[in-house]
Amino acid sequence: MAIITQEVAIKDARFFSPIGFYPEEQLLGNEFYVDVSVTFPFANPNAERLENTINYEELYQIMVEVMAPKRELLESAAEDILNRLLERYANLQHIAVHIRKQNPPFGGDVSQSVVGLTYQR
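Residues numbered from 1 in each chain as written. Predicted model: local features only at pLDDT ≥ 70, side-chain atom pairs only at ≥ 80, totals over all residues. Heavy atoms only, no water.

## Quick word on a nonpolar patch on the surface
- Together, F21, Y22 and L73 make up a nonpolar patch on the protein surface, roughly 310 Å² of accessible area in all.
- Relative to the elements of secondary structure, L73 occurs in the loop between helix 2 (56-67) and helix 3 (74-88).
- Overall, the relative accessible area of 45% leaves L73 in the partly exposed class. (Patch = residues over 30% accessible without salt bridge, like charges linked within 9 Å, V, L, I, M, F, W, Y side chains within 5 Å. Areas by Shrake-Rupley, 256 points an atom, 1.4 Å probe, with all protein chains shown as cover. Salt bridge = Lys/Arg side-chain N within 4 Å of Asp/Glu carboxyl O. Helix = DSSP H or I, 4+ residues; strand = E, 2+ residues; numbered from the N terminus. Buried < 20%, exposed > 50% of the residue type's maximum accessible area, 1.4 Å probe, protein only.)

Below, the structure is given as structure tokens:
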């Protein structure tokens, strides 16, 4: 028997946030791009009803809330997003969260650093 899985995702959500290990990063802020993808069983009796899917606006709101406060590490933001999704949606089978920091300030010619977490049921 085949299983149909649905994916809902937000890619490249841009944030300017006070996240960084160094105090000046928390003061000045940094530019980040966040990707969140969730999958769940497709058991949708009516594909025109929002309550039969996951509203990607709600995914975005979780990202906004998590990316706003000061933090030292991206790992804590990624974990917070993942945990909030697990708390909100009981039927998630897979979650992927990736946060990219633009131009990390450690003296190299690096365009991005990336932290990601994946959950698999």
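## Focus: the UniProt feature "domain: Dihydroneopterin aldolase/epimerase" (unreviewed entry) in the protein chain
- In the numbering used here, UniProt assigns the feature "domain: Dihydroneopterin aldolase/epimerase" (unreviewed entry) to residues 8-121.
- With 29% helix and 35% strand, residues 8-121 has its two end C-alpha atoms placed 16 Å apart. (UniProt positions renumbered as here; feature names shortened; annotations may be inferred.)

## Comments concerning the pattern of salt bridges
- Across all of its chains, the model carries eight salt bridges by this definition.
- For the salt bridge of R71 with D80, the shortest nitrogen-to-oxygen distance reads 2.7 Å. Here R71 matches D80 in class, with each residue buried.
- For R84, the salt bridge identified is with D80, shortest N-O distance 3.0 Å. Residue R84 and its partner D80 are located together in helix 3, separated by four residues, close to a single helical turn.

## Quick notes on the sheet that holds strand 1 (residues 5-17)
- Taken together, four strands build an open sheet; the order of strands is 1-2-3-4 and the sheet is antiparallel. On the outer flanks of this sheet lie strand 1 and strand 4 (112-120), each paired with one strand and no other. The average angle at which neighbouring strand axes cross in this sheet is 10°, direction not considered.
- Pairing geometry for strand 2 (residues 30-41) and strand 3 (residues 94-102), over eight bridges, is antiparallel. Opposite V38, over in strand 3, you have I95 as the bridge partner.
- Helix 2 rests against strand 1, strand 2 and strand 3 of the sheet, and its axis sits at about 35° to strand 1.
- Against the sheet, helix 3 contacts strand 2, strand 3 and strand 4, and its axis sits at roughly 150° relative to strand 3. (Pairing = 2+ DSSP bridges. Axes fitted to C-alpha atoms, helices over the stretch in contact; angles between N-to-C directions. Contact = heavy atoms within 4.5 Å.)

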